[in-house]
Amino acid sequence: HRHLLGIEPLAPMDITTLLDLADDYVTLNRTAKHSETLAGLTQINMFFENSTRTQASFEIAGKRLGADVMNMAMQASSIKKGETLIDTAMTLNAMHPDLLVVRHPQSGAVDLLAQKVNCAVLNAGDGRHEHPTQALLDALTIRRAKGRLHRLSIAICGDIAHSRVARSNIMLLGKMENRIRLIAPPTLMPSGIKEFGVEVFDNMAEGLKDVDVVMMLRLQKERMDGGFIPSEREYYHRFGLDSEKLAHAKPDAIVMHPGPMNRGVEIDGTLADDINRSVIQEQVEMGVAVRMAAMDLLAQNLRAERAAA
Ligand code: CP
């Protein structure tokens, strides 16, 4: 693959290859913390939407692999003077970057940009469409915690309708032959989602029954564009994960959240901090390793393509 734009075009073998390499990078990150894998390559991070985890981990990942990393301060860029996304991308492309990491509020914007530039593009989240490195880091976290990434029962709970994290995870976990249960109020469940081979619930007790993994999602009010916004109190009562609701899952079920987390809205703060159940900090650690693996593999392809030209 030239780019990493989504989980949709990936084969199970692509996913396994990337996760195996990411496992090696977990070891590197806990020891030497440096390699020269991306030496001589230029990585530009363009975040048109807020980020803590994704932006920081892509920057750390590039630096640990020896790339020259530049973070574009989009708030201070000429986008504010009316320059279009494509003109901005073409301008940066003329500076010969090798890896462009892009987050954008519009679904499809990163795919469009990838068609215009001659370097590798990594989607760091586009609208409600995809967040492939998040799904990959979730997969690595699950694989390390459960010892496998197939035939698990996985619940994804909360604001599925507005979530690119849910969309990428549904595709990835489905490709790896897991059983996926979606739990959400009907207003936050996308129509037609059953086509993805998932089971749908609007009740936590039923949906969490005997699952191995519980993945919580944030209420994404910024994407509700004037539509129905549930009251946080009512939402927490019915759909917020606490130890009482978690008791319906398997006794060794793990609790995940991609972040940013709203404590007391979709998850009880004490449970989120419970290191016997929550793997939220492991997810962040895996995020650096997965992004290193993704950039390593794309750089290998880019170098091969350039050598053949
Ligand atoms: N999970 C995630 O994408 O977090 P950020 O928005 O902080 O990058």
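What you are looking at is a predicted structure, and each value in this text was computed from that prediction instead of being measured.

Rules used throughout
Residues numbered from 1 in each chain as written. Predicted model: local features only at pLDDT ≥ 70, side-chain atom pairs only at ≥ 80, totals over all residues. Heavy atoms only, no water. UniProt positions renumbered as here; feature names shortened; annotations may be inferred. 1 Å grid on protein atoms, 1.4 Å probe; cavity = no way out; pocket = protein on both sides within 12 Å on 5 of 7 lines; lining within 4 Å. Helix = DSSP H or I, 4+ residues; strand = E, 2+ residues; numbered from the N terminus. Buried < 20%, exposed > 50% of the residue type's maximum accessible area, 1.4 Å probe, protein only. Contact = heavy atoms within 4.5 Å. Polar contact = N/O pair within 3.5 Å; in protein donor to acceptor, adjacent residues only side chain to side chain. Axes fitted to C-alpha atoms, helices over the stretch in contact; angles between N-to-C directions. Parallel < 35°, antiparallel > 145°, perpendicular 65-115°, else oblique. Nonpolar A, V, L, I, M, F, W, Y, C, P; charged D, E, K, R; others polar.

## As for the UniProt feature "binding site: L-aspartate" (unreviewed entry) in the chain
Inference 1: Using the residue numbers shown here, the UniProt feature "binding site: L-aspartate" (unreviewed entry) corresponds to Lys81, Arg164 and Arg218. For the residues just named, distributed over 138 residues, the greatest C-alpha separation reaches 32.3 Å, placing them at more than one site. Lining the largest pocket, from the set of annotated residues above, are Arg164 and Arg218.
Inference 2: Checked against the element boundaries, Lys81 lands in the loop between β2 (68–72) and α3 (85–93).
Inference 3: Inspection of the secondary structure assignment puts Arg164 in helix α6 (residues 164–175).
Inference 4: Under the relative-accessibility criterion, Arg164 is labelled buried at 6%.
Inference 5: Once residues lying within four places of it in the same chain are set aside, the contact partners of Arg164 are Glu49, Arg103, His104, Gly125, Asp126, Gly127, Arg128, His129, Glu130, His131 and Arg223.
Inference 6: In terms of polar contacts, Arg164 uses its side chain to reach the side chain of Glu49, at 2.8 Å.

## Let's talk about the packing of helix α1 (residues 12–30) against helix α5 (residues 132–146)
Inference 1: Here α1 crosses α5 at 75 degrees, and the two axes come no closer than 10 Å. Comparing their axes, α5 and α1 come out roughly perpendicular. Judged by residue contacts, Ile15, Thr16, Leu18, Leu19, Asp20, Ala22, Asp23, Val26 and Arg30 of α1 engage Leu136, Ala139, Leu140, Arg143 and Arg144 from α5.
Inference 2: Taken together, the residues of the contact of α1 with α5 sort by class into eight nonpolar, one polar and five charged.

## Description of the environment of Leu140
Inference 1: The residue Leu140 is located in helix α5 in this model.
Inference 2: Owing to a relative accessible area of 0%, Leu140 belongs among the buried residues under this scheme.
Inference 3: Distance from Leu140 to Phe196, taken between C-alpha atoms, is 22 Å for residues 56 residues apart in sequence.
Inference 4: Those residues within four positions of Leu140 in sequence are excluded, and the remaining contacts are Leu19, Ala22, Asp23, Val26, Met286 and Val290.

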